[in-house]
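# Fold and geometry: a report
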Amino acid sequence: MSLPVRKKLIEVSIPLEAINAASAREKSIRHGHPSTLHLWWARRPLAACRAILFAQLVDDPSSWPDRFPTEEAQDVERRRLHKVIERLVPWEASSDEAILNEARWEIARSFAWGRGDPPPAKGDGRAILEYLRTKVPPVYDPFSGGGSIPLEAQRLGLRAYGSDINPVAVLIGKAMIEIPPKFSHWAPVNPQSQAELKRGGIWNGIGGAALAEDVQYYGKWMHEEAERRIGTIYPKGRLPNGAEAPVIAWLWARTVKSPDPAAKGAIVPLVSNFILSAKEGHKAWVDLTIDQNAQDGWRFEVKTGSPSPEDELRLRMGTKGEGRGSDFICALTGSTIPGDYIKSEGLAGRMGARMMAVVAEGARSRIYLTPTQEQEDAADSISNSELIGDLRLSNLSQPVPERLTGGTCFAYGLTTFDKLFTSRQLGTMSAFSDLIGEARQLVLSDAKSTGNADDEVPLHEGGAGATAYADAVATYLAFAVDKVAEGSNSLCTWSPLPTKLHVVSVFGRQALPMAWDFAEANPLGSSSGNMKRMAELISRVIKFNFSTSSLPGFESVKNASNNNFPEEIVISTDPPYYDNIAYSDLSDFFYVWLKRSLSDVWPLLFRRLNTPKTEELVASAYRHGGRDSAEAFFMNGMSHALTAMQAAATKEEPLTIYYAFKQSEVAEDGVTSAGWASFLQAVVDSCLVVDGTWPVRTERAGGFRNKGANALASSIVLVCRKRPATAPITTRSDFIRALKRQLPDAIDAIRKAGVGPVDMQQSVIGPGMGVFSSHSKVLEDDDTNMSVKTALSLINRVWGEIENELDANFDPETQVALAWYSDYGFEVRPSGDLITLANAKNTPSSALFASGVFVDGKSKAWLTKRDELPTDWTPAGDKHLTIWECVQHTARVLNAPDGGAAAGARLVGQMGSKAEDARALAYRLFEIATQKGWPNEALVYNELAQEWTHLEDLVVEDAAERKPGAQGAFEFA
């Protein structure tokens, strides 16, 4: 059945500020969040994915003129849908069935109206889900990565498909959308839960709740069993009073032989920071003491108290040299140890490590201890154990990435993955890895003993019985082991910051950076990083996220560049970002352990030695023989992938494509970097029309230091439609004319949608590229095809012209104020400056003073500052209302102690037709303040512009609540 193409909400308006606020808040949420299931880099926020999918599938009210015949009616309905999204995006809504069903019904209603079906009853969750399952096309993300998009599609009741070329990403996706629905009807099989059920308990769990219980139980079993087998290699710390305390971490310093002959071949430490705790009242540090009786003439000693400021500087320096890089100072002679020498020693296998300190768990705070011989002997006791013998010959001998944008330890001799771990860590990881197989057998036995049928078909072959369930639990337990590995390797560090005081895992950034003084966590202890704790975290993720849907999802290994997509799918995807980090290199850190733990459970995923590299769609110059070849590879692969998506996508729904902006991708003239231009070029070449661009933020900006850094969102969501085969050809001059004709209304719509000034440059790209990409070609004057890069430059130029033309529409007083502000801000200047400016605008200075816009200081003049404005001002009471006053007074009351949104809305409600001009002026003032480097002023206008839509909502809501003839709280001029 061919459905008419209807405009979707995302093509008109979304509550961007609410989405961005929820996305930013989500980054601080850990417990139960899918990001804690298994590390994956650059995950899209769930709030953004959920909102984008909703707006991508729900019709804009303008698509139904019979139901919403006027612009006012459409606007009211649009605001109602915005409220649905605002309720949908908070983290708490992730498991709120009432809110989720409300959103699901809106999606079902749009499709039902389009098909001529009656919508399912609004409160009938089962009927809504059935309609979505049978009548709405599935959502597919061919670059699924961390799985945020398929997960949110499934959460909204939609069939969800994901694929990726990286097997680690695919396994994460399977664990999120494919495995839990298979066992949604299961009760936990572990003996503890079964005993509770036999005592008369009733199992009310649904979805992944059984998996959650079992993962926690068998993870605890693995922890306790490992402690029984190898617990002696993790001794407790001996306190000064003779008592013992559990150890949180052991801190180590790497060592090399001093190159200075005066040191007589002594081994010396390489330390970047001696400070253990910078917490007031609990400061601790490591002191390097020269002691001729000690090994190599020096020793470490932990001290507490209050070091002098000079000592603190020395302690922060460690034994590093003054310059950057890897130069150090010989602790014995003071001579320089060059970085190249350290690299050569590391590559030759002559870099060692010596224990610096022991961090123990006290009753109220951390306790820092000087290492003892017992502690050092325990760490070395496993060096030649059979427990780690096979690891040296296993997949862990695969090479560490020699090159990484964020840094790599390869140059210092840590050239294979087994070398990233101490012998004790390798032994422990080996024990945990082996225990996964044993735990799987326990699960299988317990599942059978509780009466669960076993078809003996493994999970990877589509099984759903006891064998498959054991495979599922083993998969999550392997994730827990990966999480232990992430925090138990020799690239982890110790944070001495007062709010931290813990081990920092290796992936603090997208790199494998060298750590000179590293922290060895206690994986059998009670602090964070232990196996039991990791299993608990994964259990929470399963319970919180995977218990609401029994609708199966599907995740597979596929190369998007040559993917045969299923027909009639809704595309929402987060593709690779040109020359960003090659995640295949980083994910090998986990792949080598997953292969060891799960090669029998997922044989097809782990049949290779490591993850695919050459096929990964990233423009890495070192992989492809130079920048030009790398760009050609990226363009070719991305064009193929986008063309396949374009062919498979439904024509009724737009495609949404995420692009991660980097801080360097906007130049002074607005022309963007090769990455952004190349990506857009691939989109255009694949016969897609860019219908809009929405800037999604996952970070809260702390200020506006410069335009280049702060006009960037974390991601740009491109809204695309299929370009008709009959799309016309146009010329450069006609393209510019079309931009000037269409952009003003588009810019006005973007502002009404609540996009703040800081995001305008990115947002205006959407309608501008819409004009460009709606044509099959835009011909330059010499008949060559215009490039995307040129089009972006022209879009930015026309946007600037439109903004400047807007100034001429303001009242004369506002025009003078704008020109003055651009030159002087709120400075006090000679009156002659104002007279000159007023004459140029053909406006008497007396009118400027009478309006209250300027202050007459006799020989001086200045713009009335916000704190000088009369507090009893209202638009309705102003005999000569100016746009300038509307903006400044609204900004004043929003930030006043006795003001706020309600007070601001009262002013906006009285502005009448001037309200839209006032909003436009706020954007203009932001641009000026940013260009001038006035961060506080820029912040005022950005917040005002973003708040404006909310203020208008308050006005509309109040008007709707007022009875006819009654006096409302907000008055209209």
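Predicted, not measured: the structure shown is a model, and the values here were computed from it. (Residues numbered from 1 in each chain as written. Predicted model: local features only at pLDDT ≥ 70, side-chain atom pairs only at ≥ 80, totals over all residues. Heavy atoms only, no water.)

### Brief notes about the overall build of the protein
Tallying secondary structure elements over the protein gives 31 helices and 26 strands in all. By the compact-globule yardstick of 30 Å for 973 residues, the protein fits well, its C-alpha radius of gyration being 32 Å. Along the three orthogonal principal directions, the C-alpha set of the protein runs to about 90 × 75 × 65 Å. Across the 973 residues in the protein, those meeting the buried criterion constitute 59%. Within the protein, residue pairs in contact and separated by at least 24 positions form 73% of the contacts whose partners lie at least 6 positions apart. As displayed, the protein offers around 38,600 Å² of accessible surface, 50% of which is attributable to carbon and sulfur atoms. Between the centroid of the 103 positive side chains of the protein and the centroid of its 121 negative side chains there is a distance of 2 Å. (Helix = DSSP H or I, 4+ residues; strand = E, 2+ residues; numbered from the N terminus. Rg over C-alpha atoms; globule rule 2.2 N^0.38 Å. Buried < 20%, exposed > 50% of the residue type's maximum accessible area, 1.4 Å probe, protein only. Contact = heavy atoms within 4.5 Å. Areas by Shrake-Rupley, 256 points an atom, 1.4 Å probe, with all protein chains shown as cover. Lys, Arg positive; Asp, Glu negative; His and termini not counted. Charge placed at Lys NZ, Arg CZ, Asp CG, Glu CD.)

### Here's the deal with the pattern of salt bridges
Scanning the model with the defined rule gives 57 salt bridges in all. Measuring nitrogen to oxygen at the nearest pair gives 3.1 Å for the salt bridge that ties Arg 44 to Asp 574. Taken together, the residues Arg 44 in the loop between helix 1 (16–26) and helix 2 (46–57) and Asp 574 in the loop between strand 18 (570–573) and helix 17 (583–598) connect sequence positions 530 residues apart. Taking relative accessible area as the criterion, Arg 44 reaches 9% and is therefore assigned buried. Note on Asp 574: relative accessible area 14%, which makes it buried. Across the salt bridge formed by Glu 312 and Lys 283, the nearest N and O atoms sit 2.7 Å from each other. Highlighted residues: Glu 312 in helix 10 (residues 309–317) and Lys 283 in the loop between strand 7 (275–277) and strand 8 (284–290), separated in sequence by 29 residues. Comparing Glu 312 with Lys 283 shows no difference in burial state: the two are buried. Several salt bridges converge on common partners, so that one network encompasses Asp 75, Arg 79, Glu 916, Arg 919, Glu 952 and Asp 953. (Salt bridge = Lys/Arg side-chain N within 4 Å of Asp/Glu carboxyl O.)

### A closer look at empty space enclosed by the protein
Inspection of the entire model under this criterion finds five cavities of 30 Å³ or more. The volume enclosed by the largest cavity comes to roughly 440 Å³. The wall of the largest cavity is formed by 34 residues, among which Phe 143, Asp 164, Asp 574, Pro 576 and Tyr 583 lie closest to the centre. Among the elements of the structure, helix 6 (148–155) and helix 17 are those that each provide at least two residues to the lining of the largest cavity. In terms of residue class, the lining of the largest cavity is built from 16 nonpolar, 10 polar and eight charged. (1 Å grid on protein atoms, 1.4 Å probe; cavity = no way out; pocket = protein on both sides within 12 Å on 5 of 7 lines; lining within 4 Å. Points joined across faces, edges and corners; volume = space filled by probe spheres on them. Nonpolar A, V, L, I, M, F, W, Y, C, P; charged D, E, K, R; others polar.)

### Concerning the environment of Ile 177
By the secondary structure assignment, Ile 177 is in helix 7 (residues 167–182). Relative accessible area serves as the criterion here: at 2%, Ile 177 is assigned to the buried category. Ignoring anything within four residues of it in the chain, the contact list for Ile 177 reads Pro 150, Leu 151, Gln 154, Ala 160, Pro 552, Gly 553, Phe 554 and Glu 555.

### Things to note about the packing of aromatic side chains
On inspection of all chains with the given rule, the structure shows 33 aromatic pairs. Residues Tyr 821 and Tyr 941 carry aromatic rings whose centres are separated by 6.2 Å and whose planes lie at 85° to one another, so their mutual orientation is edge-to-face. Here Tyr 821 is found in helix 25 (residues 812–824), whereas its partner Tyr 941 is found in helix 31 (residues 935–961), with 120 residues between them in sequence. Each of the two residues, Tyr 821 as well as Tyr 941, counts as buried. Aromatic ring contacts, followed pair by pair, group Trp 40, Trp 41, Phe 421, Phe 507, Tyr 583, Phe 589, Phe 590 and Trp 593 into a single cluster. Taking the ring centre of Trp 64 as reference, the NZ or CZ of Arg 67 above it sits at 5.1 Å. One Lys or Arg, Arg 424, reaches over the ring of Trp 250 and ends 4.2 Å from the middle of that ring. (Phe/Tyr/Trp six-rings, centres within 6.5 Å; stacked < 30°, edge-to-face > 60°. Lys NZ or Arg CZ within 6 Å of the ring centre and 35° of its normal.)

Geometric descriptors of this kind do not, in isolation, establish any biological role.
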